[in-house]
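These are the residues of each chain, in order.
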Number of protein chains: 6
Amino acid sequence: MRPSGRANDEMRPVSFIPNFTKHAEGSVLVSFGDTRVICTASVEERTPRWLDKDQGGWVTAEYGMLPRSTNSRMGREAARGKQGGRTMEIQRLIGRSLRAALDLKKLGEHTITLDCDVIQADGGTRTASISGGFVAMAMALDGLIKKGRIPDNPILHHVASVSVGIFNGTPVLDLDYAEDSNAETDMNVVMNDSGGFIEVQGTAEGAVFDREEMDQMLELATKGIQEIIAEQRTVLATSPTD
Amino acid sequence: MRPSGRANDEMRPVSFIPNFTKHAEGSVLVSFGDTRVICTASVEERTPRWLDKDQGGWVTAEYGMLPRSTNSRMGREAARGKQGGRTMEIQRLIGRSLRAALDLKKLGEHTITLDCDVIQADGGTRTASISGGFVAMAMALDGLIKKGRIPDNPILHHVASVSVGIFNGTPVLDLDYAEDSNAETDMNVVMNDSGGFIEVQGTAEGAVFDREEMDQMLELATKGIQEIIAEQRTVLATSPTD
Amino acid sequence: MRPSGRANDEMRPVSFIPNFTKHAEGSVLVSFGDTRVICTASVEERTPRWLDKDQGGWVTAEYGMLPRSTNSRMGREAARGKQGGRTMEIQRLIGRSLRAALDLKKLGEHTITLDCDVIQADGGTRTASISGGFVAMAMALDGLIKKGRIPDNPILHHVASVSVGIFNGTPVLDLDYAEDSNAETDMNVVMNDSGGFIEVQGTAEGAVFDREEMDQMLELATKGIQEIIAEQRTVLATSPTD
Amino acid sequence: MRPSGRANDEMRPVSFIPNFTKHAEGSVLVSFGDTRVICTASVEERTPRWLDKDQGGWVTAEYGMLPRSTNSRMGREAARGKQGGRTMEIQRLIGRSLRAALDLKKLGEHTITLDCDVIQADGGTRTASISGGFVAMAMALDGLIKKGRIPDNPILHHVASVSVGIFNGTPVLDLDYAEDSNAETDMNVVMNDSGGFIEVQGTAEGAVFDREEMDQMLELATKGIQEIIAEQRTVLATSPTD
Amino acid sequence: MRPSGRANDEMRPVSFIPNFTKHAEGSVLVSFGDTRVICTASVEERTPRWLDKDQGGWVTAEYGMLPRSTNSRMGREAARGKQGGRTMEIQRLIGRSLRAALDLKKLGEHTITLDCDVIQADGGTRTASISGGFVAMAMALDGLIKKGRIPDNPILHHVASVSVGIFNGTPVLDLDYAEDSNAETDMNVVMNDSGGFIEVQGTAEGAVFDREEMDQMLELATKGIQEIIAEQRTVLATSPTD
Amino acid sequence: MRPSGRANDEMRPVSFIPNFTKHAEGSVLVSFGDTRVICTASVEERTPRWLDKDQGGWVTAEYGMLPRSTNSRMGREAARGKQGGRTMEIQRLIGRSLRAALDLKKLGEHTITLDCDVIQADGGTRTASISGGFVAMAMALDGLIKKGRIPDNPILHHVASVSVGIFNGTPVLDLDYAEDSNAETDMNVVMNDSGGFIEVQGTAEGAVFDREEMDQMLELATKGIQEIIAEQRTVLATSPTD
């Protein structure tokens, strides 16, 4: 029995509130249950110096948590003077995942920066960030097309992410904090809308996992990601950018 | 004529959404028009080392802006490895202002940390932070009393803040970004509910100001702060903490 | 009764020793009583990248305290690896104040950097820095004119600064450390020679202040600043640069 | 055809040179082909402050690359003043993997720090670090037992790691740099000697991967890790610590 | 012929102005010609954690240059966020040199921190810092004895320092900036009043030096240091601390 | 009697293993007894911005110690976020010493960076770094000539370094850690193959030293450096670069 009473293959309620803030080219508040992340996409007409011009554009990401997004207050990274290893790991993951959604050549000489800032954390902040980051990026790209700054939409595939794990010996989908902090295994999966894997990051926390458990977890992840992508399509279909 | 069409002595709509996030002892989303700041109050049972035990408790504040809270994306302070001068100046101001609201002895051996994170900026982020920070702090104090951790409420006075300035030669109340970036003078005022001044910070940006202009600006600030405090009272009267 | 025995509207002895060090384009040792600050003005033939060329030149400031300028030794900011919030706040204030003295267009493509280094602190280091910084800047500008590098003197007004406050319930002028550390209110005022306000920064430390007290403090500040400007004029009239 | 001419399921030559340096409690030079990493294990009689005393000991890891371990010189992280995201990600991975090898309670109040310093890089530095780090740790634990500082060996399982990937459309084992930099998918796998998974980190670089490819990669990884563990057992059986 | 017209074995005028600032336990402005350094000695009743209690006290030093102490403005180390290699090298040298003057056991549980801040640089700032640092330290020790905090004077020997070098093929004493920047060899020598060497740091800048040149330089240094020590004795004999 | 049983004028075994790592233009593992340092020379076709083009090329050095190169583990400088004073002092010394070996004009527009990373420390790491750094640099220069990128060999002289000191009252050559940590005087000497001095850095640790002792130490250093240079010549004559 899960602490939340959910079925093992049941997601938390997933929602995307588009245009949550007004300045960014794309902006969304993504919720996976009580986990809430503001994702904004910012577009600049330049690419990193190290990138060859003929490779097209670039997508990068930054991640942060408000100090009191968590149960007990965390030190502010800006005040401590550096980003921790977990932060860097997550923002590198978000960037890789979202670049896998695009044909970067079609992006032209643009850089899109995704800022994923967690305002309330209850497990799965990185998977919510990737899933919400995709929506913010898609909105920004839609704007670029409408303004005639790029001719074709660079999106090849929807991309979304969910966590799965082994909790009390049973594979479960979309761990919340109560599960995450006690799971034997925690696995973050990023997939696209054709069912291809982009990232699989599984970590045994107390007990190792075997091939059968991995297969079950990947099944659950596939189901969850399809549901998230369906939600992404709904919100993008109904929220015009202008 | 103000860009927003407001009267010279007219505030933007002010609102406080209490319990905006769930983990903090006190939490509010404060809006001054399009300026939106998440204020959380975190309580710890310790005081800074340099504070004498018989001086009671302490209140401190940290301030940040999400990178895309602004019109063009700002670099993330955590990524740059240090907080800028403006950030430090503002968080020192918030801390001083909110300490002035309390009898710190009654706070006992507790430290309250206010985190003011701007999710959307349109001028007046520091004044919104102080005004919202007071509400978050008051909610946290209410919780401490209900749990029996402090016997008396340390609040001596409500504290709120507003900006005033000279825009196109005319004193105006509560500058938004369109005004702030073109004002001749910008003044931030912090007052309590008895009309006493806690902070007055006036800066001439292009033209100096004289005593008469200062008097007019202080009149406007007094009016605005009374309105904000009335709104604080309403939200605190109707939003029980538990 | 003030600890120093001064009258309430009495400044400490103010002096400016010009050409205190030999390398800078302008250099002065300013004393407000026992507070002593070395102010140097350095001129470079370039302007910050973010400044439009047609806006003319720029003035910026840096501030520091020798570790043992104070009663007990402070940690050296260079050794701690960052400048504290108070330092940043003060150097931003000095820069804004001195820019307000000039027609920056007449400065042409030059940047003047004021370094204000406190060698002995006894209250009022920021007001002495602004007042002395003006003298160092004026000397450097005089040199630029004499060398033919700028045609007209960019100085619009003399600028000086003094602190005022409420000590033992009474408004007083030019607080020394004994007063500053016990004052109910501390206010730093920057004005120009036509009596216009450039900055007013008042902070209630223990008790709030009211409109009448503010009026009295502004009167005292006006008197003090006139005296400082008179002293600035004397030293600039008699100390030729070459 | 692989650039090295190896079969798809063929490891590079793996070797462990024990006691490579003399000061550490455990020390080994691990080679996976031309990739060479010095792994040292240092033992301290203390545990991190945040660890409950009854949880036993702790294992942590740090990772670095000599600036010219790579084909073109990388900036030295100590000179740049911070460790990059990749470094932090890798050292967190090494620490988690090696903690999974132990019953930390049996370690008592000791912290083991693994330093993995790459002196020559040719792909797979993190997998070599984990595999070599295990040997250095086992040597240090052997020493603790011989000195009577811990009664039982905390090792539950051997732990080793290898990379697998999809290169030119074919799953291959133990990618060298020529393959790694062109692979469609790169996956690092950490397993123990009972075939349980500790970490699976797969990243699609250009094309996504599917379930069948994942299965093939996990087969290859299992084969490779068994070979590495056999080599670990040989070196530990023959290299007495004293 | 030297640029200054001095004889090869002639020091610049050396002076020590005691009690140059009022807060420190010992304070002096030392001048070697146009090189001017404020040296203060601060006493704390504690010793570094790593020092065994029975080893007595400790002496340490910090060094800095005001940004415009030099001909062209240097960046402020506090603003750049770290001390440069030259600064660290010099402050380590000052600390070692002054510890060599004392019987640290007699210092008891005290740490003396010397701050040497260059307000005007014209070559030889480190040798002036050591020579002036000794005077500030001696004044602070005198104060400790007068207050009964230590029974005996820990000073074993006077310590002073001077630079020597090869300029235009000729050994010269006490190089000023014009010489220092063009010398073939630059050597800093620290000696005590019995003629013993504490530090000898010679660097060939363009041409190597031989044994005969070294002998000549050491002769000059011995002469110069005797003169500086004589001046130290004079100022310490006539400037009572209280 | 020396702890190692060596004669007072006896070096530890010195060896240079060329081509120790494969990527660098020059690479050597230098051993002075148990002290082992990996020295690599990296060549870039650019020179520092501050260097005039007609001055030719540049040589710089960086130094580091693996955390467990020492008897007890040192904190990793990359993790602490800055290089310590000792590290900076040593890398400045290595750079100056190796620049003295070359006619920098003949180097053309190239920068050579020497990385000296200590993998095992037993005293004399900086002298081994200089001696080994010369070999790595010479190999890199040989490669530049063979590739036709520079016409003439810029090497003017071989350069090597050794430490000498006073141990138990007796001058000794090439101190190991057991001696170094107890020596009364420690002196590092850098010379070229014509017997000219490049650097002499002598430090009295407990007792001062006199002219006679300095003479004896310089004799020992001269002998040791001749032996090191002979070994350099042997390894460079027999290890072709390609």
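Residues numbered from 1 in each chain as written. Chains lettered and ligands numbered in written order. Predicted model: local features only at pLDDT ≥ 70, side-chain atom pairs only at ≥ 80, totals over all residues. Heavy atoms only, no water.

Visitor: Go over the UniProt feature "domain: Exoribonuclease phosphorolytic" (unreviewed entry) in chain A, please, and point to the residues and values.
Guide: All names here are of chain A. UniProt marks residues 10-140 and 159-224 with the feature "domain: Exoribonuclease phosphorolytic" (unreviewed entry), using the numbering shown here. Taken as a whole, residues 10-140 contains 27% helix and 31% strand, while its terminal C-alpha atoms sit 31 Å from one another. Helix makes up 27% of residues 159-224 and strand 44%, with an end-to-end C-alpha separation of 12 Å. (UniProt positions renumbered as here; feature names shortened; annotations may be inferred. Helix = DSSP H or I, 4+ residues; strand = E, 2+ residues; numbered from the N terminus.)

Visitor: Describe the packing of helix α2 (residues 85-99) of chain E against helix α2 (residues 85-99) of chain F, with residues and values.
Guide: Close contact between α2 of chain E and α2 of chain F brings their axes to 8 Å; oriented N to C, the two are set at 110 degrees. Looking at the two axes, α2 of chain E sits roughly perpendicular to α2 of chain F. For the pair α2 of chain E and α2 of chain F, the sense of crossing is left-handed. For the pair α2 of chain E and α2 of chain F, contact is made by Gly-85, Arg-86, Met-88, Glu-89, Arg-92 and Arg-96 of chain E and by Gly-85, Arg-86, Met-88, Glu-89, Arg-92 and Arg-96 of chain F, respectively. (Axes fitted to C-alpha atoms, helices over the stretch in contact; angles between N-to-C directions. Parallel < 35°, antiparallel > 145°, perpendicular 65-115°, else oblique. Left-handed = near helix turned anticlockwise from the far one by under 90°. Contact = heavy atoms within 4.5 Å.)

Visitor: Explain the sheet that holds strand β2 (residues 26-32) of chain A residue by residue, including any values.
Guide: Residue and element names in this part refer to chain A. Reading across the sheet, the 5 strands line up as β1-β2-β3-β5-β4 and stay open at both edges, with mixed pairing between neighbours. The two strands at the open ends of the sheet, each matched to only one other strand, are β1 (14-18) and β4 (58-65). When the angles between neighbouring strand axes are averaged without regard to direction, this sheet yields 20 degrees. Pairing of β2 with strand β3 (residues 35-44), which is carried by 7 bridges, proceeds in the antiparallel orientation. Looking at the pairing, Leu-29 lines up with Ile-38 of β3. Contacts from helix α2 (residues 85-99) reach β4 and β5 (111-120), with the element oriented near 145 degrees to β4. Its contacts with the sheet place helix α3 (residues 125-146) against β1, β2, β3, β4 and β5, and it is angled at close to 35 degrees to β3. (Pairing = 2+ DSSP bridges.)

Visitor: Break down the pattern of salt bridges for me, citing the residues and quoting the values.
Guide: Oppositely charged side chains are able to pair whenever their charged atoms sit close together. Under the defined criterion, the tally for this structure stands at 141 salt bridges over all chains. With a closest N to O distance of 3.4 Å, Asp-215 of chain A and Arg-211 of chain D form a salt bridge. Of this pair, Asp-215 of chain A sits in helix α5 (residues 211-238) while Arg-211 of chain D sits in helix α5 (residues 211-238), which puts the two residues in different chains. A residue is classified by how much of its surface remains accessible, and Asp-215 of chain A, at 28% relative accessible area, is partly exposed. Relative accessible area serves as the criterion here: at 24%, Arg-211 of chain D is assigned to the partly exposed category. Linked by salt bridges that have partners in common, Arg-2, Arg-6, Arg-12, Asp-122, Asp-174, Asp-176 and Glu-179 of chain A make up one network. (Salt bridge = Lys/Arg side-chain N within 4 Å of Asp/Glu carboxyl O. Buried < 20%, exposed > 50% of the residue type's maximum accessible area, 1.4 Å probe, protein only.)

Visitor: Quick one: what's the story with the interface of chain D and chain A, residue by residue and with numbers?
Guide: The interface of chain D with chain A comprises 26 residues on the first partner and 26 residues on the second. Regarding the contact of chain D and chain A, the summed buried area is about 2500 Å², with carbon and sulfur atoms giving 53% of it. The largest contributions to the chain D side of the interface with chain A come from Glu-89, Phe-197 and Arg-211 of chain D, which together make up 25% of the buried area. Applying the counting criterion to the chain D and chain A interface returns 6 salt bridges. Note that Arg-92 of chain D and Glu-89 of chain A form a salt bridge whose closest N and O atoms lie 2.8 Å from each other. Between chain D and chain A we count 14 residue pairs in polar contact (both at pLDDT 80 or more) in total. Listed by contribution, the elements that provide at least two residues to the side of chain D that touches chain A are α2 (85-99), β9 (197-204) and α5 of chain D. Considering every element that reaches the side of chain D that touches chain A, the biggest residue donor is β9 of chain D, with 8 residues. By residue class, the composition of the side of chain D that touches chain A is 9 nonpolar, 8 polar and 9 charged. With 5 bridges joining them, strand β9 (residues 197-204) of chain A and β9 of chain D adopt antiparallel strand pairing. For Thr-203 of chain A, the partnering residue across the bridge sits in β9 of chain D and is Glu-199 of chain D. (Buried area = accessible area lost by both parts, 1.4 Å probe. Polar contact = N/O pair within 3.5 Å; in protein donor to acceptor, adjacent residues only side chain to side chain. Nonpolar A, V, L, I, M, F, W, Y, C, P; charged D, E, K, R; others polar.)

Visitor: If you had to explain the pairing of strand β5 (residues 111-120) of chain B to someone new, which residues and values would you point to?
Guide: All names here are of chain B. Counting buried residues in β5 gives 10 out of 10 residues, a clear majority hidden from the surface. Relative to β5, strand β3 (residues 35-44) is paired through 9 bridges, and the arrangement is antiparallel. Bridge pairing in β5 places Ser-42 opposite Thr-113. Bridge analysis of strand β4 (residues 58-65) against β5 gives 8 bridges, and the strand direction is parallel. For Met-65, the partnering residue across the bridge sits in β5 and is Val-118.

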